[in-house]
Each structure stands twice: as structure tokens, then as C-alpha cells.
Amino acid sequence: MRNKALKSCRICNSKNLSKYLDLGKHPFSNSFINKKQIRLEKKFPLELVLCKTCYLSQLSIIPDTKFIFDKYDYLSSSSRALSNHYKKLVETLSKQEKLKKDDVVMDIGCNDGILLNHYPDYLKNIIGIEPSNAINFVNKKKIIPLKQFFNFNNSKNYLKKFDKPKIITITNVLAQIEDLNDFAKGLQNVLRDDGIIVIEFPYLKDMIDKGFFDLIYHEHLSYFSLNPIKYLFEKYDLRLFNYQKVEIGASGPALRVFLCKKNFKKKVTKKLKKQLKKELDWGLSNILKYKNFSKKTFRIIENIRGVIIKKYKEGYNLGCYTASAKGNTMLNCIKISKKIFKYTSENNKRKINKYTPGTHLKIINDVEFINKRIDYALLLSWNYANFFLKNSEFKKKGGKFIIPFPKLKIK
Ligand SMILES: [Zn+2]
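Just so it is clear, the structure is predicted and the values come from calculations on it, not from any experiment.

## What to know about the overall build of the protein
Thinking step 1. Along its length, the protein carries twelve helices and 19 strands.
Thinking step 2. A compact globule built from 411 residues should have a C-alpha radius of gyration of about 22 Å, and the protein, at 21 Å, falls within 12% of that.
Thinking step 3. C-alpha atoms of the protein, sized along the principal axes, occupy 65 × 50 × 40 Å.
Thinking step 4. Residues counted as buried form 45% of the 411 residues belonging to the protein.

Put into C-alpha cells, the structure is as follows:
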């Protein structure tokens, strides 16, 4: 496994990078392992740097992504809340863009088809692009699966076989792209002249304001705000014209941006112009803002740790709930001993009986979890708190969640 140090900014190639956060060494967050693999596990620095030229935040290393995808256990559709979120997005886009049956739609990083499944069947071509094994789980009657990375070269091959898409969606993917310039060039190449691109990503400003440090893991190479995104895509004649905040995304609250080709008629919204300026006033270019985030992160880690230790000392049984990538950053940062946490509950069958990377909690199903008589569970996928508070058997049987974000609470 070879990880490279980041030498220059992923967007603008500047070497003016400034480190502001060091979370120590972590294993890859999505690499859930079996018992035999525990002693082979490796850890790598989890640090963030700021590019002082275009203000993109990014990891200090470029992990070997091939390794990550080979071990990919994340199937999006295991999350009902996320599926509903994409259903609404697809319905709105179909209506707004007046989709016709000859139109092509494309989802980049389609995973198991969680978003594409919601498009109407009559569409000519529903294209799913995904490099991981998750694509083996798409409904092939409906979706044309292309098992590959999206890049400029593959975009040329794509156009030999298929028409240009009217709508391209990219949700929770951008952070994982190593060569963003090549990616943007590929998008410019495939998009129809009257097409739109919709991208969802966790918002750096929220991460910093609210202290969501668990968004940081090796699979997330970049941490975006609107200004660097605008700068990146304009290099390839793609124009940002609108944005929205969304409460649910695969990693928590997200930003959704809309892009089109430079000469397409979409008007730039006032709201977008305002937010671009607001980011700069807020301190997007100011390294102190980021260093304060670092201090805040360690305070938050201590607070969460404190609540857990207090409950343990009061004699309660504790566990964790869900086995998510973000949860592993949380667990590896709060460093709770195995005397206190032994298990985490999860409904994704492919993860059950495996162990969480770094902390080695055994992943068990809900029924087993309830049998362990756990009183308090740290909810690692706190972005779905409402869903679990309403639907989980654990809660119905009297268990309580320790919810770390947006404000630490017990419910
Ligand atoms: Zn830069």
C-alpha cells in the first residue's frame, strides 16, 4: 500500500499549503475487517491542510484509493432515510428540467442505484457510473451500470456509445476524487449544452462552525466550500448558478450546487452571489479560523468522552449504534477502552460479524444488540438521529442514544 504526501493543491496546484488539524493516525474508515485482519491493520496520518491560494481544505496525504475501493462495504440503499432524500431530489429535477423519454440521465458514484432507482422507467438511458463492487447490486433492467471511475478519458469512451446526459448527479462523491481537474474536464465533455449538473457534498463552513470533525476520514480527500468549487469548474467553462442547503446527506447536512455550461441560459441566483461573498467575510481565507476549529475539535472530543465515561462509572452498559465511516473517525478520536464499548449495532448484513477499523468493536445486528442489555448507545450516524429515534427497536425497548451532533444530547 502506497500513500503519497500531498505536494500541491488538488484544484489550483499551489504549493502554499498550511496544516491546521492533526487527528493522529487512523486506519481507513471504510475498511471493516475480520478477526484475522486485526493484526495486519495499518494506520496513517489524518491531517488537514488549507490551500492559501484557492482555499480548498484537503488531506495532507493521498491514500492509495485502490485499496479503499477493494474493501468497500458501503451500500447506500441500506439507508432508507437517504433513499427518501434522493427520491425527492429526482422528482424535483425531473419536473424542473422537464425530462422527456429520450433524455439521458447519469449518476456518478451511483453506488447500488439508490438515486437512479427513483427515475421513471420510460427514460431512454439511465446511466450509473461506479468503480466499487456496490455496482453489482444495481437493478440492471433499469440502470446501465458502468464499473469505472469517471474521468476525462472514460468520458471520451462513454460518448462513443451513449448520448450526452441532460442531468448529471454527483452525490457524496466529489470529496473522494483525486484529480479534480480531470474530473471537471470529463464533465464538460459529456454534459449536453442544455444540461445541468447537481453536486451534493458536506459543507466545509458547517463542518467548521459546528465542529463536525467526523466528516474527516481518508476517503474524503477534499473539504469543499462554494468559492473553490466555482474556481475549479470555471476553468472548464462550467458555471455555478445556484445552491441549496440540504438537511440530510450521506455524511450529514450537505450543500447542493447546480452547474451548467458557460453559455446555457441559467441565471446566477442572488442567493449564490451572497453566499460566495459571505464565505470570504466569514474567514474562508483566514488560517486562524481553521486553527480555532482544531481547538474546538479537541474540546468536543473531550466532552463526548466525558459523557460516556460518566455513564460507565454510574454502572450502565454501553455500546455504539451503526458502523459508518464517519463513526470510525469518532471512535478512533474518543479512544474509549474495550472494557466500556464492545459492540456496535448495524443493519448492513455485509458488515455484521466484522470489526470496526482501529477500535475493533464487534459489529452485530439489532436483535443481538438488544440482547446485550445495553442502556446507552453512542449514535455514530447522528445525521439519521430522527430516523433512529422513531424506528429503532433499541429505542423502542427502552434504550437511550447519546447523540454527539449537532449538539451533544441524550435522548
Ligand atoms: Zn488551491
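There is more to say, and it comes next.
## A few points about the nonpolar core
Thinking step 1. Residues Ile 197, Tyr 321, Ala 377 and Leu 379 are the most contacted members of the largest nonpolar core, which totals 116 residues.
Thinking step 2. Once residues lying within four places of it in the same chain are set aside, the contact partners of Ile 197 are Ile 168, Ile 170, Leu 187, Leu 191 and Leu 259.

## Here we look at the sheet that holds strand β14 (residues 318–321)
Thinking step 1. With mixed pairing, the six strands of this open sheet are ordered in space as β16-β15-β14-β17-β18-β19. Each end of this open sheet is capped by a strand with a single partner; those strands are β16 (362–364) and β19 (409–410).
Thinking step 2. When β14 meets strand β17 (residues 376–379), the two strands line up parallel, connected through four bridges. Note on β17: the bridge partner recorded for Leu 318 is Tyr 376.

## A short note on the packing of helix α6 (residues 226–234) against helix α7 (residues 270–282)
Between two packed helices, what matters for the description is the angle formed by their axes and the separation of those axes.
Thinking step 1. Axis separation between α6 and α7 bottoms out at 9 Å; the angle between their running directions is 120 degrees. As the angle between them shows, α6 and α7 are arranged oblique. The residues of α7 that touch α6, namely those facing Leu 226, Asn 227 and Lys 230, are Gln 275, Leu 276, Glu 279 and Leu 280.
Thinking step 2. Grouping the constituent residues of the contact of α6 with α7 by class yields three nonpolar, two polar and two charged.

## A closer look at the sheet that holds strand β10 (residues 196–202)
Thinking step 1. Strand order in the open sheet formed by seven strands is β8-β7-β6-β9-β10-β13-β12, and the pairing between neighbours is mixed. With partners counted over all chains shown, the strands left at the sheet margins are β8 (144–146) and β12 (238–246), one partner each. The average undirected angle you get between the axes of adjacent strands in this sheet is 20 degrees.
Thinking step 2. Pairing analysis gives eight bridges linking β12 to strand β13 (residues 254–261), with the strands arranged antiparallel. Of the residues in β13, the one forming a bridge with Lys 245 is Leu 255.

## A closer look at the pairing of β17
Thinking step 1. Side-chain alternation along β17 places Tyr 376 and Leu 378 on one buried face and Ala 377 and Leu 379 on a second face that is also buried.
Thinking step 2. The sheet contact formed by β17 and strand β18 (residues 400–403) spans three bridges and is parallel. Looking across to β18, one finds that Leu 378 is bridged to Ile 402.

## Focus on unusual backbone geometry
Thinking step 1. The linkage connecting Phe 405 with the following residue, Pro 406, adopts the cis geometry, with an omega of -5 degrees.
Thinking step 2. Positioned with a positive phi, Thr 322 is a non-glycine residue whose angle comes to about 75 degrees.
Thinking step 3. Residue position: Thr 322 is located in the loop between β14 and α9 (325–334).
Thinking step 4. Of note, the phi angle at Arg 373 is positive, near 55 degrees, even though the residue is not glycine.
Thinking step 5. Tracing the backbone shows Arg 373 in the loop between α10 (366–371) and β17.
Thinking step 6. For Arg 373, a count of 11 C-beta atoms within 10 Å puts it in the exposed group.

## Observations regarding the environment of Asn 286
Thinking step 1. For Asn 286, the location among the structural elements is in the loop between α7 and α8 (287–313).
Thinking step 2. Owing to 14 C-beta atoms within 10 Å, Asn 286 belongs among the partly exposed residues under this scheme.
Thinking step 3. In this structure, the C-alpha to C-alpha distance between Asn 286 and Leu 272, residues 14 residues apart in sequence, is 21 Å.

Cut-offs and rules
Numbering of residues begins from 1 in every chain and follows the order in which that chain's sequence is written. For a predicted model such as this one, the threshold for reporting local features is a pLDDT of at least 70, and the threshold for listing and counting side-chain atom pairs is 80 or more; totals across whole chains, interfaces and linings nevertheless cover every residue. Secondary structure is summarised from DSSP: a helix means a run of H or I of at least four residues, a strand means a run of E of at least two, and numbering begins at the N terminus for each. Radius of gyration means the value over C-alpha atoms here, while the globule rule gives 2.2 Å times the residue count to the 0.38 power. Exposure is read from a count of other C-beta atoms within 10 Å of each residue's own; the residue is exposed at 12 or fewer, buried at 20 or more and partly exposed in between. C-beta atoms are placed from the backbone. Put simply, a nonpolar core is buried Ala, Val, Leu, Ile, Met, Phe, Trp, Tyr and Cys residues tied into one set by C-beta atoms within 7 Å. Residues are treated as contacting if the C-beta atoms built from their backbones sit within 7 Å of each other. Strand pairing is assigned whenever DSSP identifies at least 2 bridges connecting the two strands. Axis angles are defined between N-to-C directions and span 0 to 180 degrees, where every axis is a line fitted to C-alpha atoms and, for a helix, only to the segment in contact. The labels follow the angle: roughly parallel below 35 degrees, roughly antiparallel above 145, roughly perpendicular from 65 to 115, and oblique for the rest. Residue type decides the class: Asp, Glu, Lys and Arg count as charged, Ala, Val, Leu, Ile, Met, Phe, Trp, Tyr, Cys and Pro as nonpolar, and the leftover types, Gly among them, as polar.

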